Each structure stands twice: as structure tokens, then as C-alpha cells.
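In case you want the letters, here they are:
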Amino acid sequence: MQIEIDEISKEFGTTAALTPVSLSIPSGALVALLGPSGSGKTTLLRILGGLEFPTAGRVLFDGADATALTVQERRAGFVFQSYALFAHMTVFENIAYGLRARPRTTRPPTAEIARRVTKLLDLIQLPDIGARYPNQLSGGQRQRVALARALAIEPRVLLLDEPFGALDARVRKDLRQGLRDIHDTTGLTTIFVTHDQDEAMELADLVVVMSMGRIEQVGRPQDIRARPASAFVRDFISA
Amino acid sequence: MGQPFVHKSPIPGLGLSAGITLSMLSLMVLLPIAGLLVQGFSAGIPAFLAAVNTPRTWAALFLSFRLSLVAALFNLVFGVVLAWVLVRYRFPFRKLLNAAVDLPFALPTAVAGIALTALYAPNGAFGQIAKDWGFKIAYTQWGILIALIFVGLPFVTRTVQPVIEEIAREVEEASATLGASRAYTLRRVIWPTLAPAALTGFALSLARAVGEYGSVIFIAGNIPLKTEIAPLLIVIKLEEYNEPGAAAIGIAMLGMSFGMLFVINAAQVFSRKRMAYV
Amino acid sequence: MSDISPSRAFRPAATEAPWARITLTIAVVAILAVLLFAPLVTVFYEALREGMGASLATLADPQSHSAIRLTLLVAAFAVPLNAVFGVAAAWFITKYSFRGKAVLITLIDIPFSVSPVVAGLCIVLTFGANSWVGSWLVAQGMPVVFAVPGIVMASMFVTFPFVARELIPVMVEQGRAGEEAALTLGASGWRVFFTVTLPNIRWALLYGVLLCNARAMGEFGAVAVVSGKIRGLTATMPITIEMLYNEYSSVAAFTLAAVLALLALVTLALKTLLEWRYADQLAATHRP
């Protein structure tokens, strides 16, 4: 799904989290929103997911104005920084949640739900943990379950907020490759937020460098490295 | 009461603190309860059972328990909603309202008792309205119910509020991103999180209501077999110098109290195991 | 560049629709007004039914006087004694390691789950004239039941856990490090207590004493059983309220009730103040 961000701005009270930004995201791309804290990257992600409403501007999904769509209608899979798994449900129930929450008319039958959940558990390479509870899982496992849960609803776009932030270095490396693999398998437009420039450069097809509510530069990792558009980008990349 | 095995410690005051604790506990709590048990069973188990097993006693125990259950159920529903409104919504005087919820804890029961009676008696502000509609509240079981709701009001709210405060917004947002309606989220994500605390509050409210005396005896009417609560029956037996009879009912009530305490604790242990947060 | 005119207003994901919020808020406030505020207002309304003058005149009555005096006397004994117990028990439980702490805490909590009437009954059966402890005491000229000591004991029973329950979680959280440090610096036990422990727990202690006092002054069921309701001798304020009410002395009863209601409001205000200023040093704001 192609995403068009058209002059989106966001103010919280008197603070401008996002000055008007525009961005074109090609369908199927793996995009990194890269920047320090306070750069507006998470705000932009949340606006895409429908969790925040922009003060001005539009979001277009495949050319259609999606700005006014509710969160539920948007079908934007979201993986939170804290994973936000449902502690009182098993891994299976977490992943099946989105499918079970659908109104009866669109809900798949139970057997179908089970089949899809099993397939997703295989995709995240954790086929045996369906009966466990989130508090019995490691950080890396929880992250993958959160990913599977978001994928279960067959989203049009996948949004991840600092997906590797809470994990230690070794686990992070494995999961980075895992995300790349899943992206390649599903072909979904995927956007993730990070402050880690190694991560962004290594994983993404397209990197969006942000600072203080503005987009500093957009481009492929090698292009940004070769030709940083400003002093900020140059310093941030080399840091 | 045996001496617990205490590890040696450089902190002084063990003897004094242990001594004060154990002796006061024994004198003020354990001894009186032992006294109750001794007196209740002094004439043997058959006599105890005979004292408890009368229609009047059963009616009183049953009445206390049944009305307390209904009151606690009301408090469960209302208490959860109240807790939600106090934590999640913003409106004028919210902080004042929050403090006021503790009023039933702080207000003496006799004061509540006469106030409620004045309010719901046929010539009272609310009693008048009821009369116009053909109801009678004071001196009936409805009056008792209202009094029991009053005394148990804060329990559910106070146990649930901290849990609501701890709910991470992201979990609710996650549910929405997965396509769930707000109602579904409340039912499948929020309520299960609140349930253990709500049930604890429910049990506390129930336990309090079953033993309540001061708030109820003014509004109750106190007709044996109809509106006579168990604690009143104990008082009556004492006035008749029937100490073993009073003791028997007291032991029955004590048994109910401890039963509920056990359920509360079991529920808390169970919920702690299941819900260790991610 | 376009301005948004969405087809429906944006609502954050983690909240209900505005109509639901408004309806719930109004419903809750209305129910609280009926259940909580109406009785409170009634107390004052009935007390002042014949004017402020008549109301205050009833307080000058010897019966009311002795009721107030007795209530204050009972609290003056019961509250400090329970405070001492609370501090001792909290010290014992939190500064030392031993098995059976959970049992001990459960035992201390027993009065919470006992009906006040049963509490009074226990005191009567154990210390009354028909028990061998009681008959011995009566022989010594120290009757407990139908006398002031019995009322003090009954009040202590029902408020027994209050101070301990406030102190224990706070002292657990504060740990032993402070006391241990003071000891290594050469301080004696009492010095450690007064200069390290007490300052740390003073707000929790005050909070517990506040609740204990409110309950002790307002206790009715337990005292009704124990006191014998002897006018001028063992009739506390709540008991006197009952007696006056049953004699249809409505203004007098409600006036005394209003005094207690004012005490309740002051207690609530102080409680809220403590919770607001010293939240991190109170168990009440910390319950798991």
C-alpha cells in the first residue's frame, strides 16, 4: 500500500511536535523514521496509525484520504515499544485477538483462526509457545508475539515503535534479521521508528532523518551516507 | 501462642516489641475470641447446634447474608463505574468527590443510621417520594438494603482505583489497532484486569455488610423473621441473659466472616500468580 | 495543503465516546448525591430543625456533656494504646526475620473481619461477670463489662489493626538500613527509634492514629453490647444518640450526631491532606 503524507503538522498545546511534513512512501518499502528523542518520529508514526490526530494535513492510503478513519477502520498493524501484550491471555489468544474481535459477519470460523495463528507462530519461529502467558516469555519472544499479533489482522501497513529498544544487543541483531525476513515474506509496507542509526541504515530501504519536528532528509541509506543534506544529518549519522 | 523462631539480629528492641505485640494481641484479640468459643461450646456441640438451629436464627442469618449479598453486588457494579469515572474522567469537583467516597468509612454508624432513617421514613425527603409511588422504604428490607449499600460503598472503588491507574494506555490502544471496538476492549481487556481487585472489594463489602449493626437497626424495623438482622439477635439474646445462645450465633457469624476472609485471600493469591505484569 | 474537516470528530483510542462519558459522570454524581450527600445533609438539617439556639442548648444538657466526656476519655485511652501496639508490632514484624509473619499479620487483622457486635460479645463473654476472669475482676472492684474499661477494650478491639496496617508496608519499604547505619554510629536502641525510625514513619503513624481515633469515637455496635448503656456512666456519644433518638428527642440526637459528623469531615479533610502531601510515606497510597 502506498502512503502519502501531505503537509501533516501536530501541535500539543503550544508545542509543535511536527512542523508541516510531507513524505511519499512507496508500496512494500521498509522505512525507518530515524532521529533523536523529541524529533517527532513517534508522533508521525502514531498519526499514521490513527492514535493521534494531526492539527493539519492529510494522510492518504493508496490515494484515498485516510485521515478521518478511526483506529479500528485503518487496519494499520501497530507494535508498541512496550509490546502491550494482554497479560491475562495466552500467546495464542493474544495473536487471535484481532480476528476474534471482528463482528460476527466478518469473523473467520474458529478453525480458520487457529490455522492462521499457527501459521504466524511458525513465521515468528516460535511454534510451541501458544499456551504460555506473556509473563513467561523473554523480551525477544514478547516482541515477536507482538509482531505476530499485529500481522494477524492482515494489515495494510505495519508500524513499529522502537521495536528493538528494550532488548539487549545480541537479541537485537537476531530480531533485526527476523524483521527483514518477515518484511520480505509478507511484502507489507513497513515503517519503524528508531534512534539507532546503525539499525536504520542496516535494515531500511528508505531512511527518513528527522529532527525537531522536521524531516531533514529522505533517501536510501547509501545515498544519505554519501551526501548528507545538512550538518545535523552528517553528525547524526556518524555518531 | 508459641514463640516464633527469630533470627538473631543486631537491631535492639526484639524482646520489648515482641512482648508488647504478642501480649496485647493475646489479651485484646485472641483471649476474647477464645472466650466466645468456650462459652459457645460450653454446653457441648448438640446444645450449640440447637441454639443455632431455630427458625428465628436462620431467618436472621439468612436475611443478613442475602441483603448483604445484594448490597455488595450493587456496590460491585457501581463501585467499578465510580472508580473508572474518578480515575479516567475530568470534571469539576472531581477531587472533592474522590475524598467524599470515604465518608462511609469515617462516619459513625449510629449517625448514618439515624440519618438514613430520617431520610427514608414515610415523612422523610425520600420516603415521601416513595410513599407517593406506593412504596415503603424505612422499616422494610429495602431500608436495610440502602443502609448496607451505604456502609459498603467505598470498598470496591478503593480497591479498583489503583488498578485502573496502572493500566497502560498502550494496551488499550493496541486493542483498538487490532480492530476491537471500545466495548470489546472494555469487556475483554480492561474488565479481566480489574476483576481480581473488584472481587476483593466485593468480598470486603460483603463482609462489612454482614456484620453491620449501627447503620441498620434504626431503619430496619426489627421484626423477627422479617427484618431482624443477625447482630440484633445477638443483642437480644444477651438482654435475655441467654449467653450461650448469643455465643452460638456469634460463632456462626464468626465462621461466615472467616470464610469470606479466606476467599478474599485466596482470590488475591490467585490473581497475583496469573497477572504478573508484562 | 488542506484543512481537515473530518466526517466525525477524532477520539483517542483509549477512551469512550463523549455521550458515554457524560452520561456516566452524571449518573455517578447523582447516585452519590442520593447515597452519600443526602444523609450527611440530613444530619445537619435535622439538628438545626428548631434553630441553632435549640440545637446548642441540647449540648449543654448534662446527658450530652457526660456522653462527650466519656467519648473523649475512651479515645484518650484506646488510641494511644493501639498506637503503641501498632508501633511495636510493626517494629517486630519489619525489623526481624522469622517464620510465621503472615500468620501474625492475619491474626492482627482479625478485628477487621469481625462484626462489632460479635466483638462486644467476645469481651462480655470473656471479661463479664459470668466468666472466671470477669468474676475475679469484679471481686477486685474492677468490673470491666458495664463499665468504662470494657468500653475502652471494645473500642481497642475494633480499631486494633489500624495503626499496624498503616505502618507495616511503609516500614517494609523503608527497610532496616537506616536503623543499622545509626547503630554502627553508636546510637542506642531508643535513640535509633526516636531519631531515625519515628521521623520516617511520622506521617503514616499520624494517618493511622487519625483513622483509629475516628473509629474509636464513633464505635457503636461493640460498645452497645459492652456498656450496659448506663446513663451518665457508660453512655458514649453514639450510645446517647441512640437513646435520645428512641426517646424521640430528635434535635438532641441529631445535634450530637452533627458533632460526630463534623469530626468525620475533619478526619476526611486531614486524611486527604496527608494523602496529598505525603503520598510516598503512606501505606494507603501504596497498597499492591
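Criteria and thresholds
Each chain carries its own residue numbering, running from 1 in the written order of its sequence. A letter from A marks each chain and a number from 1 marks each ligand, given out in the order of writing. Only residues with pLDDT of at least 70 are given local features in this predicted model, and only at 80 or more are side-chain atom pairs given and counted; all residues enter the totals for whole chains, interfaces and linings. Only DSSP runs of H or I covering at least 4 residues are called helices, and only runs of E covering at least 2 are called strands; the numbering of each starts at the N terminus. Any residue with 12 or fewer other C-beta atoms within 10 Å of its own C-beta is exposed, any with 20 or more is buried, and the rest are partly exposed; the C-beta atoms used are placed from the backbone. Once C-beta atoms have been placed from the backbone, residue pairs whose C-beta atoms lie within 7 Å are recorded as contacts. Restricting the calculation to C-alpha atoms gives the radius of gyration, and the globule rule supplies 2.2 Å times the number of residues raised to the power 0.38. By the convention used here, strands pair only if DSSP detects at least 2 bridges between them. What we call a nonpolar core is a set of buried Ala, Val, Leu, Ile, Met, Phe, Trp, Tyr and Cys residues whose membership is set by joining through C-beta atoms within 7 Å. Lys, Arg, Asp and Glu make up the charged group, whereas Ala, Val, Leu, Ile, Met, Phe, Trp, Tyr, Cys and Pro make up the nonpolar group; the residues left over, Gly among them, are polar. One fewer than the residue count of a helix, multiplied by 1.5 Å, yields its expected span. Angles shown run from 0 to 180 degrees and are taken between the N-to-C directions of axes, each axis being a line fitted to C-alpha atoms and, for helices, limited to the stretch in contact. Per residue, pLDDT captures the predictor's confidence, and it can take any value from 0 to 100. Roughly parallel means an angle under 35 degrees; roughly antiparallel, over 145; roughly perpendicular, 65 to 115; everything else is oblique. Handedness of each helix crossing follows the sense of rotation of the near helix against the far helix: counterclockwise by less than a right angle gives left-handed, clockwise gives right-handed.

This part covers the overall build of chain B. A tally of helices and strands in chain B yields 13 helices and zero strands. Ordered by position in the sequence, the α and β elements of chain B form the string α-α-α-α-α-α-α-α-α-α-α-α-α. In chain B, which comprises 278 residues, the share counted as buried stands at 51%. Pairs at least 24 residues apart make up 78% of the contacts formed inside chain B by residues separated by at least 6 positions.

Moving on, we come to the overall build of chain C. A count of helices and strands for chain C gives 12 helices and zero strands. For chain C, the α and β elements follow one another from N to C terminus as α-α-α-α-α-α-α-α-α-α-α-α. The C-alpha atoms of chain C give 25 Å as radius of gyration, which overshoots the globular expectation for 288 residues (19 Å, by more than 25%). If one aligns the C-alpha atoms of chain C with their principal axes, the spans along those axes are about 95 × 65 × 30 Å. Scored against the burial criterion, the 288 residues of chain C give a buried share of 45%. Considering only contacts within chain C whose residues lie at least 6 apart along the sequence, 74% involve residues at least 24 apart.

We now examine the pairing of strand β9 (residues 206–211) of chain A. Residue and element names in this part refer to chain A. Within β9, five of the six residues are buried, which leaves it mostly tucked inside the rest of the structure. Pairing analysis gives four bridges linking strand β3 (residues 30–34) to β9, with the strands arranged parallel. When the bridges of β9 are listed, A32 appears paired with V207. Sheet topology note: the β9/strand β10 (residues 214–219) ladder contains five bridges and is antiparallel. Counted as the bridge partner of M210 is I215 from β10. Hairpin geometry of β9 and β10 is characterised by an intervening segment of two residues between the two adjacent antiparallel strands and by a positive phi of about 50° at M212.

Next up on the list: the nonpolar core. The tendency in soluble globular proteins is for nonpolar side chains to be buried side by side. If you look at the biggest cluster of nonpolar residues, it comprises 246 residues, and the most contacted ones within it are V111 and I114 of chain B together with L121, L167 and A257 of chain C. Not counting the four nearest positions on each side in its chain, V111 of chain B is found in contact with V43, I241, A257, L260 and A261 of chain C.

This part is about the interface of chain B and chain C. Across the boundary between the two partners, chain B contributes 75 residues, which contact 76 residues of chain C. By residue class, the composition of the side of chain B that touches chain C is 57 nonpolar, 12 polar and six charged.

As a further point, take the interface of chain A and chain B. Between chain A and chain B, the residue contacts involve 24 residues of the former and 20 residues of the latter. Counting only elements with at least two residues in the side of chain A that touches chain B, the list comes to α2 (71–74), β6 (76–79), α3 (91–100) and α5 (139–152) of chain A. For the side of chain A that touches chain B, the element with the most residues is β6 of chain A, which contributes three residues. Partitioning the side of chain A that touches chain B into residue classes produces 14 nonpolar, seven polar and three charged.

It is worth spelling out helix α6 (residues 109–120) of chain B at this point. Residue and element names in this part refer to chain B. Given a rise of 1.5 Å per residue, 12 residues ought to cover 16 Å, and the 16 Å separating the end C-alpha atoms of α6 matches this to within 8%. For α6, a buried count of 12 out of 12 residues is recorded, marking the element as mostly surrounded by other parts of the structure. Of the positions making up α6, those classed as buried are T109, A110, V111, A112, G113, I114, A115, L116, T117, A118, L119 and Y120.

Turning our eyes to something else, we now look at the sheet that holds β3 of chain A. Residues and elements named next belong to chain A. Strand order in the open sheet made by the six strands is β6-β7-β8-β3-β9-β10, with mixed pairing throughout. Every other strand in the sheet has two partners, leaving β6 and β10 as the edge strands with one partner each. Sheet twist, expressed as the mean angle between neighbouring strand axes with direction ignored, is 15°. Where β6 and strand β7 (residues 157–161) come together, four bridges link them in parallel fashion. Note on β7: the bridge partner recorded for A76 is V157.

We now examine the confidence of the model for chain B. Mean pLDDT over chain B stands at 88; residues scoring 70 or higher make up 96%. Per-element mean pLDDT across chain B ranges from 82 in helix α13 (residues 243–274) of chain B up to 95 in α6 of chain B.

Next up on the list: unusual backbone geometry. All names here are of chain A. One non-glycine residue, E7, lies in positive phi territory at about 50°. Examined against the element boundaries, E7 turns out to sit in strand β1 (residues 3–12). Among the residues examined, E7 registers 14 C-beta atoms within 10 Å and is labelled partly exposed. Backbone geometry at E162 places phi at a positive 45°, although glycine is not the residue there.

Residues and elements named next belong to chain C. Confidence in the prediction of chain C, expressed as mean pLDDT, is 88, and 95% of residues score 70 or more. Note on residues 1–8: pLDDT under 50 across the span, and nine contacts to partners over four residues away in sequence or across chains. What the predictor reports for the complex is a pTM of 0.87 with an ipTM of 0.88.

Before going further, it helps to examine the sheet that holds β1 of chain A. Residues and elements named next belong to chain A. Taking strand neighbours across the sheet as the criterion, the four strands line up as β2-β1-β4-β5 in an open arrangement whose pairing is antiparallel. The open sheet has two free edges, formed respectively by β2 (15–25) and β5 (64–65), since each of these has just one partner strand. Where strand β4 (residues 56–61) lies against β5, two bridges are found, and the strand directions are antiparallel. Note on β5: the bridge partner recorded for F61 is A64.

A few words now on the environment of L99 of chain A. Residues and elements named next belong to chain A. Positionally, L99 belongs in helix α3. According to the C-beta neighbour criterion, L99 is buried, with 21 such atoms within 10 Å. A C-alpha to C-alpha distance of 6.2 Å links L99 and I153, two positions 54 residues apart in sequence. Setting aside residues no more than four positions away along its own chain, L99 makes contact with R107, P108, I113, R116, A152 and I153.

Residues and elements named next belong to chain A. Mapped onto the elements of the fold, A114 is located in helix α4 (residues 110–123). Residue class for A114 comes out partly exposed when judged on the 15 C-beta atoms lying within 10 Å of it. Distance from A114 to I124, taken between C-alpha atoms, is 16 Å for residues 10 residues apart in sequence.

Residues and elements named next belong to chain C. Put simply, helix α8 (residues 177–184) and helix α9 (residues 189–218) touch, their axes get as near as 10 Å, and they point 160° apart. With respect to α9, the axis of α8 lies roughly antiparallel. Handedness of the crossing formed by α8 with α9: right-handed. Listed contacts from α9 to G178, E179, A182 and L183 of α8 are V192, T195, V196, T197 and N200. Taken together, the residues of the contact of α8 with α9 sort by class into four nonpolar, four polar and one charged.

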